[in-house]
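Structure at a glance
One-letter residues, chain by chain:
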Amino acid sequence: MSLLVAMGGNLVCTNGTTPAPIKVTSQSKVLTDGQPAATIQDCAPTTNVGPFGMCTSLANPTVASATAAALGVLTPQPCVPAPAGTWIPTASKILIDGKPCLTQDCKMVCAYAGQITVTLPGQTKTNAN
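The structure presented is a predicted model; accordingly, all values stated were derived computationally and were not measured. (Residues numbered from 1 in each chain as written. Predicted model: local features only at pLDDT ≥ 70, side-chain atom pairs only at ≥ 80, totals over all residues. Heavy atoms only, no water.)

Topic: the sheet that holds strand β10 (residues 114–122)
One open sheet holds the four strands; their spatial order is β2-β1-β10-β9, and the pairing between them is antiparallel. Looking along the sheet, the strands with just one partner apiece sit at the ends: β2 (20–21) and β9 (107–110). Judged from the five bridges that link them, strand β1 (residues 5–13) and β10 form a sheet pairing that is antiparallel. Bridge pairing in β10 places Leu11 opposite Val118. (Pairing = 2+ DSSP bridges. Helix = DSSP H or I, 4+ residues; strand = E, 2+ residues; numbered from the N terminus.)

Describing the pairing of β10
Two elements, β9 and β10, share four bridges in a ladder whose sense is antiparallel. From the neighbouring strand, Cys110 faces β10, where its bridge partner is Gly114. The hairpin formed by β9 and β10 contains three residues between the paired strands, and Ala113 there has a positive phi angle of roughly 65 degrees.

As for the environment of Thr25
Considering the arrangement of structural elements, one finds Thr25 in the loop between β2 and β3 (31–32). On the accessibility criterion, Thr25 (45% relative accessible area) is partly exposed. On a C-alpha basis, the gap between Thr25 and Thr47 in space is 8.1 Å, while along the polypeptide they are 22 residues apart. (Buried < 20%, exposed > 50% of the residue type's maximum accessible area, 1.4 Å probe, protein only.)

Thoughts on the nonpolar core
Leu11, Ile22, Phe52, Trp87, Leu102 and Ile116 are the most contacted members of the largest nonpolar core, which has 22 residues in total. Looking at this core, the elements that each hand over two or more residues are β1, β9 and β10. With three residues, β1 is the largest single contributor of residues to this core. Ignoring any residue separated from it by four or fewer positions in sequence, one finds Leu11 in contact with Pro19, Ala20, Ile22, Val49, Phe52, Trp87, Ile116, Thr117, Val118 and Thr119. (Core = buried A, V, L, I, M, F, W, Y, C linked by side-chain atoms within 4.5 Å. Contact = heavy atoms within 4.5 Å.)

Here is the structure:
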């Protein structure tokens, strides 16, 4: 069983240089380990998904431009998250306020040819009854 992602869990992008925390804004009633549990609706750039340090993708126009100016030497630029859609749910039958919950194995595509994944879900324990 996958763990739920909660406020403060960490995300990474394959083109980023640092992790970023997730901020839950889609709901506030359902908690996991005392923090609001995320849903697949928590995918807005900067509001829910913070910057991943520096972007290294040549599909990002600012990186491509800086790299061209440096005569082809890859020149990372500050990350501005660019999620392309919502999270791809894996536990779509588990709903929070009618929305599929966000679990540690969900993924999201970045518009600059990256993949955003969960590294630290925020939920640390499960109850098996």
